[in-house]
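Here is what each chain is made of, one letter per residue.
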Amino acid sequence: MEIKGKLIIIGGAVDKGSFSETNLDKNAPKNLNFFEEGILKRVIKESKHKELSRIEVITTASKIPREIGPEYVKALSYLNANNVDVLHIERREQAMEPETLARLKAADVVMFTGGDQLRLTSILGGTPFHNILLEKYFNEEFIYAGTSAGAAAASSNMIYQGSSSEALLKGEVKITSGLGLIDDVIIDTHFVQRGRIGRLFQSVVGNPKVLGIGLGEDTGLLITNGRQMEAIGSGLVILVDGREVKDTNLTQVELGHPISINHLVTHVMSKYDTFDLDTFKMTIKSSQYV
């Protein structure tokens, strides 16, 4: 099936997530310096009507939605995108209201902010809003853009908890269902900065069919037709491919014990590199062999 929409997932910077790590920035409103500025430009460029596209910023994941929403509007206005509003959905009932659904139907782009991805899926999952979101993504020239929690929740499988330091102990990484815009991948964010490689390793070894995607900050992926991925932004994308795993002790060790994995393949993408989810072929834009 041809997917008409585009998916832009961004690694994030400051959030107020549910991860069990400590020392997250407590001054998020003062530090939203819009690391994604280059990526936001790409969102606008890829959208149906460019600067005139109707953009809805959805703050459901955030614990400080009234502060973060206007910051996105301001950042987009700097890029001459002024047909932008903030859609606050803080309860499941709001995801069923006719006005909310009408705004989603009229949108060319939805941009999900950072925060807590479990909050995002527990409020929106299975609602009319969720159903319309999927219908628009699969059938219209529409963009789902998500940063941090908004990125992690985009896939069918979603990491929602797990400390970086203990991520390779069996049972430390918690996974649930995401919003279901893309299958056979699992996405982690703030990846390089918070040392989350172990979380992705455990996620992939449990089901090697799933490709692990680790997004660094100020980094994203543009995914077209649900299959073609292009790295955007200034940082790194780490891909973890478990299809060639030869052995693991995952089913033999007790909960809380270290996991062993033999032959886990990784790829590192930077700006303009591409990856095909059908062939699993990566193309380096500035290859030394070209």
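It should be emphasised that the depicted structure is a prediction, and the values quoted were computed from it without experimental measurement. (Residues numbered from 1 in each chain as written. Predicted model: local features only at pLDDT ≥ 70, side-chain atom pairs only at ≥ 80, totals over all residues. Heavy atoms only, no water.)

1. Examining the pairing of strand β2 (residues 55-58)
Strand residues, when the strand is regular, have side chains that alternate between the two faces of the sheet. Burial along β2 is two-sided: the residues Ile 55 and Val 57 and Glu 56 and Ile 58 are all buried. The sheet contact formed by β2 and strand β3 (residues 84-87) spans four bridges and is parallel. Bridge pairing links Glu 56 to Asp 85 in β3. Regarding topology, helix α2 (residues 65-78) serves as the crossover connection from β2 to the parallel β3, and that connection is right-handed. As paired strands, β2 and strand β4 (residues 109-112) are joined by four bridges and run parallel to one another. Directly across from Ile 58, in β4, lies its bridge partner Phe 112. (Buried < 20%, exposed > 50% of the residue type's maximum accessible area, 1.4 Å probe, protein only. Helix = DSSP H or I, 4+ residues; strand = E, 2+ residues; numbered from the N terminus. Pairing = 2+ DSSP bridges. Right-handed = clockwise from strand over helix to strand, strands pointing away.)

2. Let's talk about the packing of aromatic side chains
Per the stated rule, a full pass over the model turns up three aromatic pairs. Their ring planes at 20° and their centres at 4.8 Å tell us that Phe 112 and Tyr 144 sit as a pair that is stacked. Pair noted here: Phe 112 is in strand β4 and Tyr 144 is in strand β5 (residues 143-147), with a separation of 32 residues, a long-range link. For the pair formed by Phe 112 and Tyr 144, the shared burial category is buried. (Phe/Tyr/Trp six-rings, centres within 6.5 Å; stacked < 30°, edge-to-face > 60°.)

3. Some words on the packing of helix α3 (residues 98-106) against helix α5 (residues 128-139)
The N-to-C vectors of α3 and α5 enclose an angle of 10°; their axes lie 10 Å apart at closest approach. For the element pair α3 / α5, the angle class is roughly parallel. Residue-level inspection shows Thr 100, Leu 101, Leu 104 and Lys 105 of α3 in contact with α5, the latter providing Pro 128, Phe 129, Ile 132, Leu 133 and Lys 136. Among the residues forming the contact of α3 with α5, the class breakdown is six nonpolar, one polar and two charged. (Axes fitted to C-alpha atoms, helices over the stretch in contact; angles between N-to-C directions. Parallel < 35°, antiparallel > 145°, perpendicular 65-115°, else oblique. Contact = heavy atoms within 4.5 Å. Nonpolar A, V, L, I, M, F, W, Y, C, P; charged D, E, K, R; others polar.)

4. Some words on the nonpolar core
Among the nonpolar cores identified, the biggest contains 47 residues, and Phe 129, Ile 213 and Leu 221 are the most heavily contacted of them. In contact with Ile 213, not counting residues within four places along its chain, are Val 185, Ile 186, Ile 187, Asp 188, Leu 200, Leu 221, Met 229, Val 237, Ile 238 and Leu 239. (Core = buried A, V, L, I, M, F, W, Y, C linked by side-chain atoms within 4.5 Å.)

5. Structural notes on the side chain of Ser 155
Here Ser 155 lies in the loop between α6 (149-152) and β6 (157-161). When residues no more than four places from it in sequence are discounted, the contact partners of Ser 155 are Gly 178, Leu 179, Gly 180, Ile 182, Val 185, Ile 186 and Ile 187.

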